[in-house]
Amino acid sequence: MDSKDKIVQVAFNLFLQKGYRDVSLREIVDEVGLTKGAFYHYFKGKEQLFTEVVDHYFLSLSDYIYDQLPKTHLKAFMTGYLELLTGQIERISQEAEKKGNTISLSYYYLAFDALRILPDFGTKIREVYLREEKAWMEVIDHAKESGEIKSSVDSHHLAKLFISANDGLGMHMILENRLDQLSKEIISVWTSLYKLIKA
C-alpha cells in the first residue's frame, strides 16, 4: 500500500471513530507516521483528504460493483451484485476492525458530515443513484425482452423497488448491528420480488 492509500485508510478510520470535525490533521499525520510536509505532498489539507475518503468509501463503490455485473440476465445481475457487495462490506469492515471500529451508524454519520462539509456531495450522491437506476433499468428491460420476467410495472419503478429494498435493509441492518446478515436479507427480499415478476 502506498503512502497516499495509507493516509486515506487511516483517515477513514479516524473519521469513522470520531467524525470529521474531531479529527485533527496532526492525528492523521501521526497515525500514518509521516511528516506534515509528506502529507502535503498528497493533499492540500484535511478537507481535500476528506473528499478523497468520501469518494473512495462512498461514491466509487457503487460504480465498481455495477461495472462488474452481467447485464443480460436479471437473476445473474442480482446474484453478482450481492457477491460484490458482500466482498466490499467485508473489505471495509476488516479495515475498520483493524483500528477497533465497526461499520455502523458512524458510516452514515460520515455521509451526513460530507453533506454539510462538501458542497457537491449531494449532487454526486444523486448522480450515483441515477447510474444505479440506469443499470437496473437496463437489465430489467433486457429481462422483459428476453422473456425472463413478465410485468406490466414500468422498468423505472421496478428498478426503484430493487434499489430501495437494498438501501432500506442496509440502514435497518446497521441500526440493529446485523450488517453481517445484510446479503441474506437482501437476497430474500429480492428473490420474493423476482418471483412476482418471473415469467
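Rules and cut-offs
Residues numbered from 1 in each chain as written. Predicted model: local features only at pLDDT ≥ 70, side-chain atom pairs only at ≥ 80, totals over all residues. Heavy atoms only, no water. Helix = DSSP H or I, 4+ residues; strand = E, 2+ residues; numbered from the N terminus. Buried < 20%, exposed > 50% of the residue type's maximum accessible area, 1.4 Å probe, protein only. Contact = heavy atoms within 4.5 Å. Areas by Shrake-Rupley, 256 points an atom, 1.4 Å probe, with all protein chains shown as cover. Lys, Arg positive; Asp, Glu negative; His and termini not counted. Charge placed at Lys NZ, Arg CZ, Asp CG, Glu CD. Salt bridge = Lys/Arg side-chain N within 4 Å of Asp/Glu carboxyl O. pLDDT = per-residue confidence, 0-100. Expected span 1.5 Å × (residues − 1). Patch = residues over 30% accessible without salt bridge, like charges linked within 9 Å, V, L, I, M, F, W, Y side chains within 5 Å. Core = buried A, V, L, I, M, F, W, Y, C linked by side-chain atoms within 4.5 Å. Phe/Tyr/Trp six-rings, centres within 6.5 Å; stacked < 30°, edge-to-face > 60°. Lys NZ or Arg CZ within 6 Å of the ring centre and 35° of its normal. Polar contact = N/O pair within 3.5 Å; in protein donor to acceptor, adjacent residues only side chain to side chain.

**A look at the overall build of the chain**
Then, in step 1: For the chain, the helix and strand inventory stands at nine helices and zero strands.
Then, in step 2: Seen through its principal axes, the chain has C-alpha atoms that stretch 60 × 30 × 30 Å.
Then, in step 3: Residues classed as buried in the chain amount to 45% of the 199 residues present.
Then, in step 4: Counting contacts in the chain only where the partners sit at least 6 residues apart, residues at least 24 apart contribute 67% of the total.
Then, in step 5: Accessible surface, the chain: about 10,500 Å² in total, of which carbon and sulfur atoms supply 52%.
Then, in step 6: Of the side chains in the chain, 25 bear a positive and 29 a negative charge, and the two mean positions are spaced by 1 Å.

**Describing the pattern of salt bridges**
In a structure, side chains of opposite charge can pair up when their charged atoms sit close to one another.
Then, in step 1: Inspection of the entire model under this criterion finds six salt bridges.
Then, in step 2: Taking the shortest distance from any N to any O, the salt bridge between Asp113 and Arg116 comes out at 2.3 Å. Residue Asp113 and its partner Arg116 are both found in helix α6 (residues 105–117); the two are separated by three residues, about one turn of the helix.
Then, in step 3: Relative accessible area serves as the criterion here: at 9%, Asp113 is assigned to the buried category.
Then, in step 4: A relative accessible area of 57% places Arg116 in the exposed class.
Then, in step 5: Between Asp120 and Lys124 there is a salt bridge, with the nearest N and O atoms lying 3.6 Å from each other.

**Considerations on the confidence of the model for the chain**
Then, in step 1: Here the chain shows a mean pLDDT of 89. Residues at 70 or above account for 94%.
Then, in step 2: Taking the mean pLDDT of every element in the chain, the minimum, 82, falls on helix α5 (residues 74–98) and the maximum, 95, on helix α7 (residues 121–146).

**Points about α7**
Then, in step 1: The terminal C-alpha atoms of α7 lie 38 Å apart, and with 26 residues this matches the ideal 38 Å at 1.5 Å per residue to within 8%.
Then, in step 2: For α7, the set of buried residues is Phe121, Val128, Tyr129, Glu132, Glu133, Ala135, Trp136, Val139, Ile140 and Ala143.

**Observations concerning a negative patch on the surface**
Then, in step 1: Together, Glu138, Asp141, Glu145 and Asp154 make up a region of like negative charge exposed at the surface.
Then, in step 2: Along the chain, Glu138 turns up in helix α7.

**Here we look at the nonpolar core**
Then, in step 1: Counting 33 residues, the largest nonpolar core has Phe15, Ile28, Leu49 and Phe50 as its most contacted members.
Then, in step 2: Leave out the neighbours within four places in its chain, and Ile28 touches Ile7, Val10, Ala11, Leu14, Phe15, Val23, Lys46 and Leu49.
Then, in step 3: Counting residues in each nonpolar core, the second largest holds 32 residues, with Ile65, Tyr81, Tyr129 and Leu193 among its members.

**Some remarks on the packing of aromatic side chains**
Then, in step 1: Applying the stated criterion to the full structure yields 16 aromatic pairs.
Then, in step 2: With a centroid separation of 5.6 Å and 35° between ring planes, the pair formed by Phe39 and Phe43 is classed as tilted.
Then, in step 3: Judged by its relative accessible area of 2%, Phe43 is buried.
Then, in step 4: Of the aromatic side chains, those joined through ring pairs into one cluster are Tyr66, Phe77, Tyr81, Trp136, Phe162 and Trp190.
Then, in step 5: One residue, Lys46, lies across the ring of Tyr20, its end atom 4.2 Å from the ring centre.

**Some words on the environment of Gln68**
Then, in step 1: Along the chain, Gln68 turns up in helix α4 (residues 46–68).
Then, in step 2: The exposure class assigned to Gln68 is partly exposed, which follows from its relative accessible area of 47%.
Then, in step 3: Measuring from C-alpha to C-alpha, the distance between Gln68 and Tyr81 comes to 8.5 Å, with 13 residues separating the pair along the chain.

**A word on the side chain of Ser151**
Then, in step 1: Following the sequence through the fold, Ser151 ends up in the loop between α7 and α8 (155–175).
Then, in step 2: One polar contact links the side chain of Ser151 to the main-chain amide nitrogen of Val153, over a distance of 3.0 Å.
Then, in step 3: Beyond its immediate stretch of four places on either side in the chain, Ser151 contacts Lys144, Leu158 and Ile197.

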